[in-house]
Amino acid sequence: MKDKDLQGVIEEVKKVGGDDAKRIIDKVEQKLKDAGGKVENLDWPGLAQDLKSELPASQQKMVDVSFFSRY
């Protein structure tokens with residue numbers, strides 16, 4: 001991955017990371033796309049909630065999204 005650009009690295013991680021990694025990366029990429037490619041416009045609370053939903057129910061309590069309720 002040393003000689004690849006960021007998109008190349010992302011595609012490589014999707015390939016070797018399996019379905020779980022691909023789903024998470026796809027969610028992040030979609031939120032970034034929705035934000036016009038600008039991290040400062042990203043829907044962080046929505047992203048955190050989406051990523052939390054990827055976890056098994058028994059592990060979802062480990063992800064604290066209460067920080068975002070203040071915004």
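All of the points below concern the structure found in this document. Residue positions are given per chain, counted from 1 along the sequence in the order it is written. Predicted model: local features are reported for residues with pLDDT of at least 70 only, side-chain atom pairs are reported and counted for 80 or more only, and whole-chain, interface and lining totals are derived from all residues. For side-chain calculations, the full set of non-hydrogen atoms in the structure is used, while hydrogens and water are omitted.

1. What about the overall build of the protein chain?
- A tally of regular secondary structure across the protein chain gives three helices and zero strands.
- We count a stretch as a helix when DSSP gives it H or I for four or more residues in a row; a strand needs E for two or more, and each element gets its number in order from the N terminus. The linear arrangement of helices and strands in the protein chain, starting from the amino end, is α-α-α.
- Sequence-distant contacts, at least 24 apart, represent 16% of the contacts inside the protein chain between residues at least 6 apart.
- Only carbon and sulfur atoms are counted for the fraction: they give 56% of the accessible area of the protein chain, which is about 5500 Å². It only takes one pair of heavy atoms within 4.5 Å for two residues to be counted as in contact. Exposure was quantified through the Shrake-Rupley algorithm and a 1.4 Å probe, taking into account, for residues, occlusion by the shown protein chains and nothing else.

2. Brief notes about the environment of Leu47
- Tracing the backbone shows Leu47 in helix H2 (residues 44-53).
- Buried means the residue's accessible area, taken with a 1.4 Å probe over protein chains only, is under 20% of the maximum for its type, while exposed means over 50%, and partly exposed covers the values in between. A relative accessible area of 6% means that Leu47 is categorised as buried.
- Sequence separation between Leu47 and Leu32 is 15 residues, and the spatial gap between their C-alpha atoms is 9.4 Å.

3. A word on the packing of helix H1 (residues 6-34) against H2
- Geometry is summarised by axes, namely lines fitted to C-alpha atoms with helices restricted to the contacting stretch, and by angles between N-to-C directions that run from 0 to 180 degrees. In the contact formed by H1 and H2, the axes pass within 10 Å of each other and the chain directions differ by 165°. The angle between H1 and H2 falls in the class roughly antiparallel. Where H1 crosses over H2, the handedness of that crossing is right-handed. On H2, the residues touching Ile24, Lys27, Val28 and Lys31 of H1 are Gly46, Leu47, Asp50, Leu51 and Ser53.
- Class assignment of the residues belonging to the contact of H1 with H2 gives a composition of four nonpolar, two polar and three charged. Angle categories: roughly parallel below 35 degrees, roughly antiparallel above 145, roughly perpendicular from 65 to 115, and oblique for all the rest. Handedness of a helix crossing follows the sense of rotation of the near helix relative to the far helix, less than a right angle counterclockwise being left-handed and clockwise being right-handed. Gly falls in the polar group here, along with every residue not listed as nonpolar (Ala, Val, Leu, Ile, Met, Phe, Trp, Tyr, Cys, Pro) or charged (Asp, Glu, Lys, Arg).

4. Re H2
- Those residues of H2 lying buried are Gly46, Leu47, Ala48 and Lys52.
- Tucked inside the fold, the buried residues of H2 contact H1 and helix H3 (57-60).

5. Quick look at the side chain of Lys31
- Within the secondary structure layout, Lys31 lies in helix H1.
- Residue classification places Lys31 among the buried positions, given a relative accessible area of 16%.
- When near neighbours in sequence (up to four residues on either side) are disregarded, Lys31 contacts Leu42, Asp43, Gly46, Leu47 and Asp50.

6. Thoughts on H1
- Expected span of a helix: the number of residues minus one, times 1.5 Å. Along its 29 residues, H1 runs just 19 Å from first to last C-alpha, ending more than 12% under the 42 Å computed at 1.5 Å per residue.
- Those residues of H1 lying buried are Gly8, Lys14, Ala21, Ile25 and Lys31.

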